[in-house]
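The residues making up each chain are set out below.
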Amino acid sequence: MCYCLFHFFEESQGLPLRLTPSSVSRIISLLSPSAGIDKVARIVIFDDDIVEGKYVYELKSLIFSLGDFDVVSICLLDRTSRVVYHNNISKSNNHRFWKFDVPPLGRDSGCILCESIKIVNQFSNQQKYTSYRNRTKIWTKIWGARDIYTDWGEGGLNSEMLPNNFNNKVSIGIKYDGNEHSKEKFYIFRTSSFTSSLIELSRVPMRFDVCLSRAKKIKKMYPQLAIEILATQYLLFFDKLSFDEKFYRLSLMIDIGILFECDSNCSALIGLCFALCEGPISSYLWKKKISKLLKIIKIKTIDFAISLSLIYGFLNENEMFHLVHPPVNEIETHNFLMIGVEKSHYYNVNVFFNCVGLHGAERHLSPFYLCLYNLKDEATGVALHLIVQVMHYVQIILKCLEAFSVNGIMIHHIENDCITSDIADVKIQLATIRKFIDCKTADHMFFEDLHQYYYGMNNCLSKKYRDAFYVKLCNKEKIFSILHRVILTDSCKQKYTLQYPEQPFPTIIPINTTNWNADYYVYMDYFAITCFHDIILNTGYRTDGLCLERNGTFFHGDVLWEIDMDTPDFIAFHFYNKTSNCRIKLSPKSSICAVARVGGECNTFSDFSVLPGAIVAHSIIKLPLSTFKMEA
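Computed from a predicted structure; not experimentally measured. (Residues numbered from 1 in each chain as written. Predicted model: local features only at pLDDT ≥ 70, side-chain atom pairs only at ≥ 80, totals over all residues. Heavy atoms only, no water.)

Caption draft 1: Focus on helix 12 (residues 330–338). Within helix 12, seven of the nine residues are buried, which leaves the element mostly enclosed by the surrounding structure. Note on helix 12: the residue one or two positions beyond its end, G340, has a positive phi of about 75°. (Buried < 20%, exposed > 50% of the residue type's maximum accessible area, 1.4 Å probe, protein only. Helix = DSSP H or I, 4+ residues; strand = E, 2+ residues; numbered from the N terminus.)

Caption draft 2: Molecular detail of the pattern of salt bridges. This structure, assessed with the given rule, holds eight salt bridges. Across the salt bridge formed by K289 and D255, the nearest N and O atoms sit 2.7 Å from each other. Of the two residues, K289 sits in helix 10 (residues 280–293) while D255 sits in helix 8 (residues 243–257), which places them 34 residues apart along the sequence. The partner of D467 in a salt bridge is R466, with the nearest N and O atoms 3.5 Å apart. R466 gets classed as buried once you look at its relative accessible area, which sits at 13%. Because the salt bridges share partners, they merge into one network encompassing K463, R466 and D467. (Salt bridge = Lys/Arg side-chain N within 4 Å of Asp/Glu carboxyl O.)

Caption draft 3: Highlighting the packing of helix 10 against helix 11 (residues 302–313). Two numbers describe how helix 10 lies on helix 11: the axes approach to 8 Å, and their chain directions differ by 125°. Our classification of the angle between helix 10 and helix 11 gives oblique. Remark: the crossing between helix 10 and helix 11 carries left-handed chirality. Taken together, the residues of helix 11 that come into contact with helix 10 (itself represented by S282, L285, W286 and I290) are L308, I311 and Y312. Residue classes in the contact of helix 10 with helix 11 are distributed as six nonpolar, one polar and no charged. (Axes fitted to C-alpha atoms, helices over the stretch in contact; angles between N-to-C directions. Parallel < 35°, antiparallel > 145°, perpendicular 65-115°, else oblique. Left-handed = near helix turned anticlockwise from the far one by under 90°. Contact = heavy atoms within 4.5 Å. Nonpolar A, V, L, I, M, F, W, Y, C, P; charged D, E, K, R; others polar.)

Caption draft 4: Representation of the sheet that holds strand 3 (residues 94–99) in the model. The three strands are arranged 1-2-3 in an open sheet whose pairing can be described as parallel. Among the strands making up the open sheet, the edge pair consists of strand 1 (42–50) and strand 3. Taken over all neighbouring pairs, the strand axes of this sheet differ in orientation by 10° on average, direction set aside. Both strand 2 (residues 70–78) and strand 3 contribute to a ladder of five bridges, which runs parallel. In the strand pairing of strand 3, D78 is matched with K99. Across the sheet, helix 2 (residues 54–66) lies against strand 1, strand 2 and strand 3, angled at about 165° from strand 1, the strand it touches most. (Pairing = 2+ DSSP bridges.)

Caption draft 5: Representation of the nonpolar core in the model. Grouped together as the largest cluster of nonpolar side chains are 111 residues, with contacts concentrated most on Y234, I571, F573, F575 and L623. Element by element, the count of residues in this core is highest for helix 7 (residues 223–236), at nine residues. For L623, the contacting residues outside a window of four places in its chain are V522, Y523, M524, A528, F532, D569, F570, I571, F573 and V595. Of all hydrophobic cores here, the second largest spans 43 residues; its members include V349, L375, M391 and Y454. (Core = buried A, V, L, I, M, F, W, Y, C linked by side-chain atoms within 4.5 Å.)

Structure follows, in structure tokens:
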């Protein structure tokens, strides 16, 4: 005789089974002698799937407390990951139709994937690069916790059919065919089933090596499936894998991930695995693998750049990625900027110009200028305190120049040999100043020469580096002429012609109708200019031109652009061109990353608000003004 006692529909939250008094009373009444149940009656507990088996165990305990009954549990799918011995199946009171030995990731308090997402979110909050912040938000949306009833089909990796030429035969377990023991072989037809079967081999026979060997075999033909296998095992058995086992899996993920051409759910999963690389493994991985790879293979996706940035963030200061002897090769330069390792460049620029002054009155009121001006006057006498101050400022300048030399790629306007020569000159000056301090004397002619070196009318040091980093914009016409000189260069036209040989160079029309009288110094280095070039080169997908109205005036051209001066710390250049592509994606470039490193931004997106009924490619280059101060 069998009874259906009650149904369970609530979600498991890891809490003990607490039945209502009415449910307990119902069980007691059904199992009491007055109900005609003898003490050998069989009670069947049926469930469609069991993940931990906790509820079944607690329900059995309740029934046994009410009498000596024969209790049998039956489920369709067993997820408990408990080893079942074949010879004991017939004697057990727990019957399962299918068994799936893949452990769960855990609940919110212990889920390794949730922990990884928390680390990524902390990383994202510290990022200056907008594309990195936006992409990590998508990571969270793809791989974050979701409601299993309404959102289960969203995000993650979709199960796909294995290709016909794929070796989908899997061997697992041992069967006895009457004469000898042999492995049980069966065929799998979907990627998720293939991954699950390999994870079961990790769980039951403890064959962790099988996932790694299979991923190595298929990494070239089926890279996404290889990542699925490696990442699944890495996350499920994170605490069980040894240092070497983690290293080999992460190393293989790097080999595969750096070859991806575009961002995907799979590449985001790689990043979440890398976010768990704290400790010695990050240093070992960088030293043995990543530092060598960055010299020969260019990073192609934002996801992989973020992934390496996460690992880089765990390193000690003496392990940092430095371009000590520029100019370096193009690949290493690109990767250097893509992973965001240069965080101090603009800070050093500000320190330099806070010392020497940037322009006009600011230069003449700078502390270094005033000290030199006073010391070149013989009437000042020895003025030892002024000499000490000059030495202090010269030391600051030397430190900044050395930083510019180490990261010379950030200032293409000045040859690295020239920076090296300037460093040598400053070191000689510093040695002479120290002698004056020791002897408590001063050569006023020396300080007059020093004043000329830093502030003379010709190619003095302060002006040379100002022109390397900043462009003076005194009015609307000046901005237009400078920007046109940047955009309409022969190199830009030549690149455009090579990229789009059947199209003439686009007409680029300014549409600002307002003017201003103040002088602005905007940060515009080599990489900022490259971003302007890239935007013009991206107009190849334009259609029939664009016509916009500003204050009653109509402007027509292939590319229309205007300047936004509304914010006190930035100047924003807006470019518009008509397009038929509603999903515009800006590929990751080192120049865009370099602009982000100095607090700027470069972004391109499809804009439906500029011109009703048309899709407009809207590009923004936002550059800091000299008033912008970056945190140390």
